Amino acid sequence: MNAPITLPDPDTMYQAIVDRDAEMEGLFLFAVKTTGIFCRPGCKSKAPKRENVEFFATASEALAAGYRACKRCRPTELSGSVPAWLTQLVDALEAEPTRRWTNADLTEMGLSPSRVRRWFQEHYQMTFHAYLRMRQIGLAVDMLQTGSDVTSVALESGYESLSGFRDSLRKWTGQTPTSIKHGEPILVDRFLTPLGPMLAAGNDAGLCLLEFADRKMLSKQFERISKRFAQPILPGKHPVLTSAAEQIDQYFQGKRTEFTLPLRLDGTSFQEIVWKKLSEIPYGQTRSYRELAEQVSKPSASRAIGRTNGDNRLAIVVPCHRVVRSDGHLCGYAGGLWRKRWLLEHEQKARQTRLPL
Ligand SMILES: [Zn+2]
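The structure displayed is predicted, hence computed values, not measured ones. Here the residue numbers are simple positions, counted from 1 along each chain's written sequence. Predicted model: local features are reported for residues with pLDDT of at least 70 only, side-chain atom pairs are reported and counted for 80 or more only, and whole-chain, interface and lining totals are derived from all residues. Remark: hydrogens and water are excluded; side-chain values derive from all non-hydrogen atoms of the structure.

A.B. asks: Summarise the sheet that holds strand β4 (residues 68-69); cite the residues concerned and give the values.
C.D. replies: A pair of strands is considered paired only if DSSP assigns at least 2 bridges between the two. Helix and strand assignments follow DSSP, with helices taken as H or I runs no shorter than four residues and strands as E runs no shorter than two, numbered in order from the N terminus. Within the open sheet, the four strands sit side by side as β3-β1-β2-β4. Their pairing is mixed. The open sheet has two edge strands with one neighbour each: β3 (53-56) and β4. For strand β2 (residues 37-39) and β4, the ladder comprises two bridges, and the chain directions are parallel. Along β4, the bridge assignment pairs I37 with R68.

Structure (structure tokens):
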């Protein structure tokens, strides 16, 4: 699902930095080798020398390369809300949710289709067209659940035929109109952290996914949870997602060591046991795969534990980053090894600065 990201050419990007060109916002970020800080193109700080500049497509990549976010232009908050250049399009989408958009429509609005695509990809982990389709499905699901009949929902949400509507629903949600009528979709929202944007998914039953937005295979994960919970996944807000964002923010501020979120840890019985054990590893401590294997009374299961650890859908909240190799080596982390190292160091530091209980 990930579209390749291409940056403008370096000379154009450097000129945009010198000119503090706000029009280039959202197209790239730049880091300064001499200061270790990365910025948005429109940052008001003094323009760096050309040879000291490194360009990045996303804040996550700049963070992964070891740069810190500029406190002045706050580059990790770049796509936290709808940027000015995109508001006209977003308003149009809301006003006419069933309209079919072409690249020509975007160009006519003065927008670059590739820039729009990149924003949606980064913001929702899906292409612009997938987003439009999900919005359309979302409206249909909403109408079905508030009692409208299937035929009028199909027509009102822009489908030309009832069978086309059924096919589309099945393709995107794995559901029939009847099963949707009685279900509750899983909503996905996004929020920002010092380690880059995270996506949270859940509904009244609890939080079922929490991942860094640039994690590979995220669309596979979405497919899996949609199947497991037999619900469509749609962009939207929910109190459980708001609480997750708040608690994660407190965690990053060093003010929270445990989470009080309703979690959906559904998996195989082995996975559920392992994830529960993972959740018991105290803040700021680590356990080895072997220790965990012994705890679940399967000393030979280190490998299976490793795999189950990697299948964890709830980053940070189910602290799979606290599992290391017996020799203390960090080894893999789905969100990237640099994040695992960062999280462990963060917990160490926060523990040391807090008064003993
Ligand atoms: Zn800056």
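Let's pick the thread back up.
A.B. asks: Requested: an account of the packing of aromatic side chains, with residues and values cited.
C.D. replies: Note on aromatic pairs: the rings of Phe, Tyr and Trp (six-membered ring only in Trp) are paired at centre separations within 6.5 Å, and the planes decide the class, stacked below 30 degrees, edge-to-face beyond 60, tilted for the rest. One pass over the structure, following the stated rule, counts six aromatic pairs. An angle of 65° between the planes, with centres 5.8 Å apart, marks the rings of F56 and Y67 as edge-to-face. Here Y67 lies in the loop between α2 (59-64) and β4 and F56 lies in strand β3, a separation of 11 residues in the sequence. Burial here depends on accessible area, computed with a 1.4 Å probe over protein chains only, as a share of the maximum for the residue type. Under 20% is buried, over 50% is exposed, and the range in between is partly exposed. Residue Y67 is classed as buried on the basis of its relative accessible area of 10%. Connected via pairs of aromatic rings, a cluster forms that spans Y251, F252, F259, Y283 and W342. For a Lys NZ or an Arg CZ to count as sitting over a ring, it must be within 6 Å of the ring centre and within 35 degrees of the ring normal. Its end group placed over the ring of W85, R115 keeps NZ or CZ at 4.0 Å from the ring centre. The lysine or arginine in question, R339, covers the ring of F212, its NZ or CZ lying 4.0 Å from the ring centre.

A.B. asks: Please set out the side chain of S168 residue by residue, giving values where relevant.
C.D. replies: Structurally, the position occupied by S168 is in helix α8 (residues 162-173). Judged by its relative accessible area of 8%, S168 falls in the buried class. Not counting residues within four places of it along the chain, the set of residues in contact with S168 comprises R133, I137 and Y159. Contacts are assigned to residue pairs with any non-hydrogen atoms lying within 4.5 Å of each other.

A.B. asks: Tell me what's going on with the layout of surface pockets, and back it up with residues and numbers.
C.D. replies: Think of a ball as big as a water molecule: rolled over the atoms, this probe shows where empty space is left. In this model, the largest pocket occupies a volume close to 640 Å³. Two kinds of site are reported from a 1 Å grid over the protein atoms alone, namely cavities, where a 1.4 Å probe fits but cannot get out, and pockets, open sets with protein on both sides within 12 Å along at least five of seven lines, and residues are called lining when an atom falls within 4 Å of a point. If you trace the largest pocket, you find 23 residues lining it, with L63, R68, A69, T76 and P194 closest to the centre. Listing elements by their share of the lining of the largest pocket, those giving two or more residues are α2, β4, α11 (239-252) and α15 (337-353). Here the lining of the largest pocket takes four residues from α11, the largest share from any one element. Each residue receives one of three labels: charged for Asp, Glu, Lys and Arg, nonpolar for Ala, Val, Leu, Ile, Met, Phe, Trp, Tyr, Cys and Pro, and polar for the others, Gly being one of them. A breakdown of the residues in the lining of the largest pocket according to their chemical character gives 15 nonpolar, three polar and five charged. Two domains share the lining of the largest pocket, each providing at least three of its residues, namely domain 1 (10-77) and domain 3 (186-252). Grid points are joined across faces, edges and corners, and a volume is the space filled by probe spheres set on the points. Per the annotation, domain bounds derive from an automatic or database assignment of domains.

A.B. asks: Got a sec to walk through the coordination of the zinc ion? Specific residues and values, please.
C.D. replies: A donor here means any N, O or S atom no more than 2.8 Å from the metal (3.2 Å for Na, K and Ca); water is not included, so a site may seem to lack partners. Summarising the metal site, the zinc ion is bound by the protein donors C39 (SG), C43 (SG), C70 (SG) and C73 (SG), whose distances to it range over 2.3 to 2.4 Å. Given four donor atoms and angles of 105 to 122° at the metal, the environment of the zinc ion is assigned as tetrahedral. The sequence pattern formed by the donor residues of the zinc ion is C-x3-C-x26-C-x2-C. Of the two residues, C43 sits in the loop between β2 and β3 while C73 sits in the loop between β4 and α3 (84-95), which places them 30 residues apart along the sequence. For C43, a relative accessible area of 5% corresponds to the buried category. You can call C73 buried: its relative accessible area is 6%. By the criteria applied here, four donors are tetrahedral when all angles lie between 85 and 135 degrees, four are square planar and six octahedral when opposite donors are over 155 degrees apart and every other angle lies between 65 and 115, and any other arrangement is irregular.

A.B. asks: Requested: an account of the pattern of salt bridges, with residues and values cited.
C.D. replies: In the sections that follow, a salt bridge refers to a side-chain nitrogen of Lys or Arg positioned within 4 Å of a carboxyl oxygen of Asp or Glu. The tally for this structure, following the rule as stated, stands at seven salt bridges. Of the charged contacts, one joins E347 and R322 as a salt bridge, the two residues approaching to 2.9 Å between their closest N and O atoms. Here the residue E347 occupies a position in helix α15, and R322 occupies one in the loop between α14 (302-310) and β10 (323-324), the gap between them amounting to 25 residues. Taken individually, E347 and R322 each receive the classification buried, so the pair is uniform in this respect. Where salt bridges share partners, they join E96, R99 and D105 into one cluster.

A.B. asks: With reference to specific residues and values, describe the domain arrangement of the protein chain.
C.D. replies: Its domain assignment divides the protein chain into domain 1 (10-77), domain 2 (84-181), domain 3 (186-252) and domain 4 (269-353). On the domain 3 side, the residues contacting the four residues of domain 1 number seven residues. Linking domain 1 to domain 3 there are zero salt bridges. We define a polar contact as two N or O atoms separated by no more than 3.5 Å, with the added condition that, inside protein, one atom must be a possible hydrogen donor and the other a possible acceptor, whereas residues neighbouring each other in sequence contribute only through side-chain atom pairs. Scanning the region where domain 1 abuts domain 3 turns up zero residue pairs in polar contact (both at pLDDT 80 or more). In terms of residue class, the side of domain 1 that touches domain 3 is made up of one nonpolar, two polar and one charged.

A.B. asks: Hey, could you go over unusual backbone geometry for me, with residue numbers and the actual values?
C.D. replies: In the Ramachandran plot, R20 falls in the positive-phi region, its phi being about 50° despite a non-glycine side chain. Since its relative accessible area comes to 35%, R20 is described here as partly exposed. Backbone geometry places I316, a non-glycine residue, at a positive phi of 65°. Turning to its location among the elements, I316 is positioned in the loop between α14 and β10.

A.B. asks: Describe the packing of helix α12 (residues 269-279) against α14, naming the residues involved and giving the relevant values.
C.D. replies: With axes taken as lines fitted to C-alpha atoms, and helix axes fitted only over the stretch in contact, angles between N-to-C directions fall between 0 and 180 degrees. Between α12 and α14, the shortest axis-to-axis distance is 10 Å and the interhelical angle comes to 75°. By the angle class used here, α12 and α14 are roughly perpendicular. Contacts from F270, Q271, V274, W275 and L278 of α12 reach α14 at A304, I305, T308 and N309. Of the residues assigned to the contact of α12 with α14, the class counts are six nonpolar, three polar and no charged. Should an angle fall under 35 degrees it is taken as roughly parallel, and over 145 as roughly antiparallel, whereas 65 to 115 is taken as roughly perpendicular and any remaining angle as oblique.

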